[in-house]
Amino acid sequence: MPAHPRPPADAPAPASAPSSDSASDSVPSLVVVGAGPRGTGLVERLAANAPELFGTARLDLHLVDPYPPGGGRIWRRDQSPLLWMNSMAEDVTMYTDDSVEQAGPVRHGPSLAEWAARVRDGEETIALDPGTAAEARRLTPRGFAGRRLQSAYLSWVRERAVAALPPGITVHEHRRRAVRLAGPPDGRQRLWLEGRTEPLHADLVVLALGHLDAEPAPREQALATFAADHELTYLPPQFTADSDLGGLRPGEPVLVRGLGLAFVDLMVLLTEGRGGRYTADDNGALTYHPSGREPVLHVGSRRGVPYRAKPGYAWHGERPPLPRFLGPAQVEELRRRPGPAARHRDLWPLIEKELGFAHYHRLFTAHPARVSVGWADFEEKYAACEPGSAELDTLVAASVPDPADRLDLAALDTPLAGLRFPGEDSLQDGLRAHIEADLARRHNPCHSPDLAVFQALLSVYGQLAALGDTGPRWHGFFSYLASGPPGPRLRQLLALSRAGLVRFLGADMDVETDPVRGVFRARSASVPGRAVEARALVEARLPEPSVGRSRDPLLRGLAGEVRVTGGGLLAVRPEDGRLLGRDGRPHARRFALGPHTDARGSAAFARPGGNAAAFRQNDAAARAALGFLRGCRG
């Protein structure tokens, strides 16, 4: 079972932000539950909008989080230096820019890459341990920062945001967990903290809870019970950095279900994290030198292949004009459809057409020798075709001679579909060839339509934040294509595969239990008849957000008061994050932001110039909060 880091007890707040447990009745109070990246982004927007909307009036701002502010739990400094981000440093920012469609003012700030350069050049002074300081000095804009460095950046952003608040706003930090929220829609709210008998009183509460632990789903609970009964090791979905990996013993087989980013973290912690190392030959190919303390990972998933590598080249030339077929007007029309099933049915064709538009725009404008007609002619006919229609397929086939230049989302999404390998060795060879081909393609600008599709995925991601709960299919598809690991991680995976420490299981992985032999057994569709037994099973993924199954007592306690989507998420008003009651009406004094809401298609930080949905929502929530609190003065 997971071994969660012990949250620190109440820590003294900085001198400029005295800690307090209560607010004066004459001073309005705002409580933000969650001081990680999303809470920090909200504080930044409060600071930007307060001069206009709140003036010099007094406000008590309470930040509640058992983990250090800025990074919070997921991006806390206290984790392995081997763990990286999966975004390039130049693609990470906490600051709005001119692309963000918001009512509040833009307050420019550095991206992670720009901030690291300032630290390197001595323009910013921040206390860093020697290893993190050295990483800041060598980080390039297209490099991948370690999570400790990102934690330092987030802490710096948080300190800067607090310092920018007007003098009348006093910050109170509470390094405790919030456990219960009560209060009527038309009255002050009460928030109880762990270990305290008296609640905080607030005129308005914002829940910025971030990623949370969840109770296992029934299937996972059955596996955990089987493991306990047979003295096996079972790790359910959880944040990998918090997992107790001690039960995964050297040399023994471990079944791993999942080939996404959680698997990459697991792979790193069980190899380099146990003393192994890599060397590179003159061509850059890696060889892994084991320490002897590694288990053997037998890994599979539904697709059976790792997430696609991050693109390894910069964009040049004209960008596709996005959104084109899935923008605000289409999202608003989808929102009016009766029921989620209708929305989901009609959503995917629009996604496919949007991605196709970006792909072909880039192919026609950057690689005209590989098409047989002009872009203007193709675009007009493409726009007139129904998504997914035979007419569209005919147009593409007539205009793009080489099938390799056509966008085939089904083949891209499920590359092992229908493939059968005669044996385990041929499967290993086939998967290594797939990864090598993906790496080569994602680092070759001749295939720059792939990067255009990546940009279209980001555009769609930002639009769908306004649609509500789109279900796990979209998030899995987006993560697989656009949120994959850095190329160096896949090169390490290849080296581990060649060393025999990672063995691929293939697609449609299925796990069964054998009470007679007392083992887990895994099979896949890729090698019929093959089975692998092990005394350890790891679910390499984060738990799906769920109000009903959340281990967070505050969130779970709201279940009877709020509207919960069919996917188990808090329903919020998408434009500003106001929490919706069971009757569908927005709560006047409660907001919710982040992955536990149906506007979760909005990450806490984003790429510069991307009109990020989270930034738009943070700004709207901050302005709505300040406007409401202005009416509470006195």
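Numbering of residues begins from 1 in every chain and follows the order in which that chain's sequence is written. With pLDDT at 70 or above as the cut-off, local features in this predicted model cover only qualifying residues; side-chain atom pairs require 80 or more to be listed or tallied, and sums for whole chains, interfaces and linings still use all residues. Side-chain calculation: all heavy atoms of the structure are included, whereas hydrogens and water are not.

For the rest of this paragraph, the subject is the overall build of the chain. A run of H or I in DSSP becomes a helix once it reaches four residues, and a run of E becomes a strand once it reaches two; helices and strands are each numbered from the N terminus. Regarding its fold elements, the chain presents 17 helices and 19 strands. Expressed as lengths along the three principal axes of its C-alpha atoms, the size of the chain is roughly 75 × 65 × 55 Å. Think of it in three bands: residues with accessible area under 20% of the maximum for their type are buried, residues over 50% are exposed, and the middle band is partly exposed, with areas taken using a 1.4 Å probe on protein chains only. When burial is assessed residue by residue, the chain has 57% of its 634 residues classed as buried. Counting contacts in the chain only where the partners sit at least 6 residues apart, residues at least 24 apart contribute 75% of the total. As displayed, the chain has an accessible area near 25,700 Å², and 51% of this comes from carbon and sulfur atoms. When checking whether two residues touch, look at their non-hydrogen atoms; a contact exists if any pair is within 4.5 Å. Per-residue and other accessible areas follow the Shrake-Rupley method at a 1.4 Å probe size, with only the shown protein chains counted as cover for residues.

This part takes up the sheet that holds strand E1 (residues 29-33). The pairing of strands in a sheet happens through backbone hydrogen bonds and is either parallel or antiparallel. Strand order across the open sheet formed by 6 strands is E3-E2-E1-E7-E19-E18, with mixed pairing between neighbours. A strand with exactly one partner marks an edge of an open sheet, and here the two such strands are strand E3 (169-174) and strand E18 (578-580). Across the sheet, the mean angle from the axis of one strand to that of its neighbour is 30 degrees, orientation sign disregarded. In this description, strands pair whenever DSSP reports at least two bridges between them. The pairing of E1 with strand E7 (residues 204-207) spans 4 bridges and is parallel. Within E7, the residue paired with Val33 across the bridge is Leu207. Axis definition: a line fitted to C-alpha atoms, over the contacting stretch in the case of helices. Angles run 0 to 180 degrees between N-to-C directions. Where helix H17 (residues 613-630) meets the sheet, it contacts E1, strand E2 (59-64), E7, E18 and strand E19 (586-592), and its direction lies at approximately 135 degrees from that of E19.

Attention shifts here to the sheet that holds strand E5 (residues 189-193). Taking strand neighbours across the sheet as the criterion, the 3 strands line up as E4-E5-E6 in an open arrangement whose pairing is antiparallel. Single-partner strands in this sheet number two, and they are strand E4 (178-182) and strand E6 (200-202). Direction aside, neighbouring strands of the sheet carry axes that sit 25 degrees apart on average. Taken together, the 4 bridges between E4 and E5 define a ladder with antiparallel strand orientation. The partner of Leu181 across the bridge, within E5, is Leu191.

Before going further, it helps to examine the packing of helix H9 (residues 375-384) against helix H10 (residues 390-399). The interhelical angle for the contact between H9 and H10, taken along N-to-C directions, is 165 degrees, at an axis separation of 9 Å. In this view, H9 runs roughly antiparallel relative to H10, as classed from their interaxial angle. Taken as a pair, H9 and H10 cross one another with a handedness that is left-handed. Between H9, through Phe378, Lys381 and Tyr382, and H10, the contact on the second element is made entirely by Leu392, Leu395, Val396 and Ser399. Each angle receives one of four descriptions, namely roughly parallel if under 35 degrees, roughly antiparallel if over 145, roughly perpendicular if within 65 to 115, and oblique otherwise. Crossings are classed by handedness, with left-handed meaning an anticlockwise turn of the near helix from the far one by less than a right angle and right-handed meaning a clockwise turn.

Take the packing of helix H1 (residues 37-53) against helix H4 (residues 147-164) next. Here H1 crosses H4 at 30 degrees, and the two axes come no closer than 8 Å. The angle between H1 and H4 falls in the class roughly parallel. Crossing angle aside, the handedness with which H1 passes H4 is left-handed. The residues of H4 that touch H1, namely those facing Pro37, Thr40, Val43, Glu44 and Ala47, are Leu154, Val157, Arg158, Ala161, Val162 and Ala164. The classification used treats Ala, Val, Leu, Ile, Met, Phe, Trp, Tyr, Cys and Pro as nonpolar, Asp, Glu, Lys and Arg as charged, and all other residues, Gly among them, as polar. A per-class count over the contact of H1 with H4 returns 8 nonpolar, 1 polar and 2 charged.

Let us now look at the nonpolar core. Nonpolar cores are built from buried Ala, Val, Leu, Ile, Met, Phe, Trp, Tyr and Cys residues. Side-chain atoms within 4.5 Å join them into one set. Grouped together as the largest cluster of nonpolar side chains are 70 residues, with contacts concentrated most on Leu248, Val256, Phe263, Leu326, Ile351, Leu457 and Trp474. Ranked by the residues each element gives to this core, the list is headed by helix H13 (residues 449-464), at 9 residues. For Trp474, the residues in contact, after removing those within four places along its chain, are Trp348, Ile351, Leu457, Val460, Tyr461 and Leu464.

What follows is about the pattern of salt bridges. Opposite charge on two side chains lets them pair, provided their charged atoms get close. The salt bridge definition used is simple: a Lys or Arg side-chain nitrogen within 4 Å of an Asp or Glu carboxyl oxygen. Going through the model one piece at a time under the given rule, you end up with 47 salt bridges. Of the charged contacts, one joins Arg551 and Glu215 as a salt bridge, the two residues approaching to 3.4 Å between their closest N and O atoms. Here the residue Arg551 occupies a position in the loop between strand E17 (536-539) and helix H16 (553-557), and Glu215 occupies one in the loop between E7 and helix H5 (218-229), the gap between them amounting to 336 residues. Judged by relative accessible area, which is 29%, Arg551 ranks as partly exposed. Looking at Glu215, the relative accessible area reads 37%, which means it is partly exposed. The salt bridge partner of Glu252 is Arg249, with a shortest N-O separation of 3.5 Å. A network of salt bridges, in which partner residues are shared, links Glu512, Asp514, Arg517, Arg521, Arg523 and Glu533.

Okay, the pairing of strand E10 (residues 277-280) next. Looking along a regular strand, one sees the side chains alternate between the two faces of the sheet. The pairing of E10 with strand E11 (residues 286-289) spans 4 bridges and is classified as antiparallel. By the bridge assignment for E11, Tyr278 is matched with Tyr288. Following E10, the chain reverses through 5 residues before pairing antiparallel with E11; Gly284 in that reversal takes a positive phi of roughly 90 degrees.

Turning next to the environment of Asp265. For Asp265, the location among the structural elements is in helix H6 (residues 261-270). Sequence spacing of Asp265 and Pro485 is 220 residues, and the spatial spacing of their C-alpha atoms is 10.0 Å. Contacts of Asp265, omitting those with residues within four sequence positions, involve Leu83, Arg147 and Thr240. Polar contact is defined as a pair of N or O atoms within 3.5 Å, subject to the rule that within protein one atom must be able to donate a hydrogen and the other to accept it, and that residues adjacent in sequence are counted only when both atoms are side-chain atoms. A polar contact of 2.7 Å, which involves the side chain of Asp265, links it to the side chain of Arg147.

So far we have only geometry, and geometry alone does not tell us how the molecule works.
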